[in-house]
Amino acid sequence: MDTTLEALTARRSRREAHRQWPDDVKAQIVSESLRPGVTVNEVAERHGMKANHLSSWRTLARQGKLVVPEPEDAVEFAAMVVEMPAPKPSTAKAVSRAEIVVGPVTIRLEEGASAARIAAIARALAAAT
């Protein structure tokens, strides 16, 4: 049994050989090739073009002649300065306690005593004197 394999090659027209790529498509392909871990050869092969053609577009982008869109997963870094926190000055909390002095007796009320408490003590002192 004889097997014959016949390969026919179609000659590409001049128009097909020199495709015209819109700038937005070029920019998208260049952006794709700039992602970390991706090689120019991979991207060029995926889009059916030669790697040197894609490299020339990357050069245009570096020169500012081809505007490349921001990548969707752009990572931005900001400078960060880490300093030890300054020690807080110790401030003694000023204690303000009300004092009621009647003759030799001094009554010191607890901090934050309510007005009702102070009034009750004042009434008791008035009744005792």
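Each remark here, short or long, concerns the structure printed above.
Position numbers for residues start from 1 in each chain and track the written sequence from start to end. In keeping with the predicted nature of the model, local features appear solely for residues at pLDDT of at least 70, side-chain atom pairs appear and are counted solely at 80 or more, and the whole-chain, interface and lining totals rest on all residues. Heavy atoms from the whole structure form the basis of all side-chain values; hydrogens and water molecules are not counted.

Quick word on the pattern of salt bridges
Here, a salt bridge means any side-chain nitrogen of Lys or Arg that lies within 4 Å of a carboxyl oxygen of Asp or Glu. The full count for this structure, using the stated rule, is four salt bridges. Between Arg-46 and Glu-32 there is a salt bridge; the shortest N-O distance is 2.8 Å. Of this pair, Arg-46 sits in helix H3 (residues 40-46) while Glu-32 sits in helix H2 (residues 23-33), and the two are 14 residues apart along the sequence. Exposure remark for Arg-46: the relative accessible area of 51% places this residue in the exposed category. Salt-bridge contacts for Glu-110 lead to Arg-117; the nearest nitrogen and oxygen are separated by 3.6 Å. Relative accessibility thresholds used throughout: buried, under 20% of the residue-type maximum; exposed, over 50%; partly exposed, between the two (1.4 Å probe, protein chains only). With a relative accessible area of 43%, Arg-117 lands in the partly exposed category. For helices the rule is a DSSP run of H or I covering at least 4 residues; for strands it is a run of E covering at least 2, with both sets numbered from the N terminus onward.

As for the packing of aromatic side chains
To pair, rings of Phe, Tyr and Trp, with the six-membered ring standing in for Trp, must have centres within 6.5 Å; the planes then decide the type, stacked if under 30 degrees apart, edge-to-face if over 60, and tilted in the middle. Under the criterion given, the structure shown has one aromatic pair. Considering the side-chain rings of Trp-21 and Trp-57, the 5.4 Å spacing of their centres and the 75° angle between planes classify their relative orientation as edge-to-face. Separated by 36 residues along the polypeptide, Trp-21 in the loop between helix H1 (14-17) and H2 and Trp-57 in helix H4 (residues 51-62) bring together distant segments of the chain. For the pair shown, Trp-21 and Trp-57 are each scored as buried.

Some thoughts on the pairing of strand S1 (residues 99-102)
Here, a strand pair is defined by DSSP locating no fewer than two bridges between the strands. The sheet contact formed by S1 and strand S2 (residues 105-108) spans four bridges and is antiparallel. Following the sheet pairing, Val-101 is matched in S2 by Thr-106. Between the end of S1 and the start of S2, which pair antiparallel, lie two residues, with Gly-103 showing a positive phi angle near 60°.

That is the geometry; function is a separate question.
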